[in-house]
Amino acid sequence: MSQKPVIGIVTVHDESPIPRIFTNEHYPKAVIRGGGTPVMLPVTTDREVLQQFTGLCDGFLFSGGQDISPMRYGELQSRLCGSTSLLLDDFQIPLMQMVLESRKPFVAICRGIQVLNVALGGTLYQDVTEYSEKVAKHIQEANRGDVTHPVEIQEGTQLYDLFGKQIWTNSFHHQALKKVADRLTVSARCPDGIVEAVEVKDYPYGMGIQWHPEGMLPYDDAMLPLFQELVRASISKAAD
Ligand SMILES: [Mn+2]
């Protein structure tokens with residue numbers, strides 16, 4: 001019996017009104033649309049469990065969430081930083097490091113691209129205004145299906161193979177990558193210079209995406225290749 005690859009969805013955490021772990025349903029739906037079987041990976045800091053998650057899944061989808069604690073990339077928290085959770089950091093950053101070690105495919109969205117960068121030694125702008133006062137609006141008020149800024153894609157990257165030179169995206173982030181980790185290639189920027197996508201160098205399929213492709217999927221198929229390719233890469237990894 002042929003099995004669809006299992007894609008682990010990296011959940012987030014909330015304390016109120018009671019502690020919950022959850023994901024936005026756009027993420028599992030995107031995996032299913034891409035041809036995979038989603039499973040949710042609950043928040044934990046138990047290293048053995050994280051290691052087992054890494055072994056159980058063929059690929060991974062890191063989701064959006066709160067800001068990463070600036071202490072995790074060696075900065076004092078600025079007044080513009082949003083809400084943070086050390087628990088979430090200590091779940092997702094070690095898990096990302098284990099996934100990278102396993103060389104399994106992943107897509108890391110929004111907070112995910114930031115987790116990827118910090119896990120590899122990079123830093124963040126705690127608010128995009130720290131990059132420039134003239135920065136474009138990156139928290140759009142339009143709905144998830146509306147695109148509000150273009151991104152220019154670097155030739156020679158895997159993202160370029162999927163989408164070509166330029167695409168329009170939605171935008172729901174107030175932070176962005178500052179120092180980009182050495183192991184990452186910047187694959188797309190907004191015309192204002194903000195990093196919008198990265199990929200892991202010499203890696204099967206390790207994509208960081210600052211916008212919300214999963215949130216665009218209910219409206220049209222423009223972002224489907226990103227998830228189809230995640231599943232495809234996870235199949236060949238599963239067959240290794
Ligand atoms: Mn943006």
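Preceding block: the structure.
Everything in this summary refers to the structure shown in the same document. (Residues numbered from 1 in each chain as written. Predicted model: local features only at pLDDT ≥ 70, side-chain atom pairs only at ≥ 80, totals over all residues.)

Points about the overall build of the protein chain
The secondary structure content of the protein chain amounts to seven helices and 13 strands. A compact globule built from 240 residues would reach a C-alpha radius of gyration of about 18 Å, and the protein chain, at 17 Å, matches this within 12%. Projected onto its principal axes, the C-alpha coordinates of the protein chain cover approximately 55 × 40 × 35 Å. Out of the 240 residues in the protein chain, the part that is buried amounts to 43%. Excluding contacts between residues fewer than 6 apart, the proportion of contacts in the protein chain whose partners are at least 24 apart in sequence is 69%. (Helix = DSSP H or I, 4+ residues; strand = E, 2+ residues; numbered from the N terminus. Rg over C-alpha atoms; globule rule 2.2 N^0.38 Å. Buried ≥ 20, exposed ≤ 12 C-beta atoms within 10 Å, placed from the backbone. Contact = placed C-beta atoms within 7 Å.)

With respect to helix α1 (residues 26-34)
Residues Y27, P28, A30, V31 and G34 constitute the buried set of α1. For α1, the buried positions fall inside an angular range of 155° around the axis, keeping them on one side. Once α1 finishes, G35 follows within two positions and takes phi at roughly 105°, a positive value. (Arc of directions from axis to C-beta.)

Brief notes about unusual backbone geometry
Cis geometry marks the peptide bond from S16 to P17, where omega comes out at 0°. Among the secondary structure elements, P17 is positioned in the loop between β2 (12-14) and β3 (20-22). The backbone of R103 sits at a positive phi, close to 60°, despite the residue not being glycine. Locating R103 in the fold gives a position in the loop between α3 (86-102) and β6 (106-109). In the Ramachandran plot, C110 falls in the positive-phi region, its phi being about 55° despite a non-glycine side chain. The residue C110 is located in the loop between β6 and α4 (111-119) in this model.

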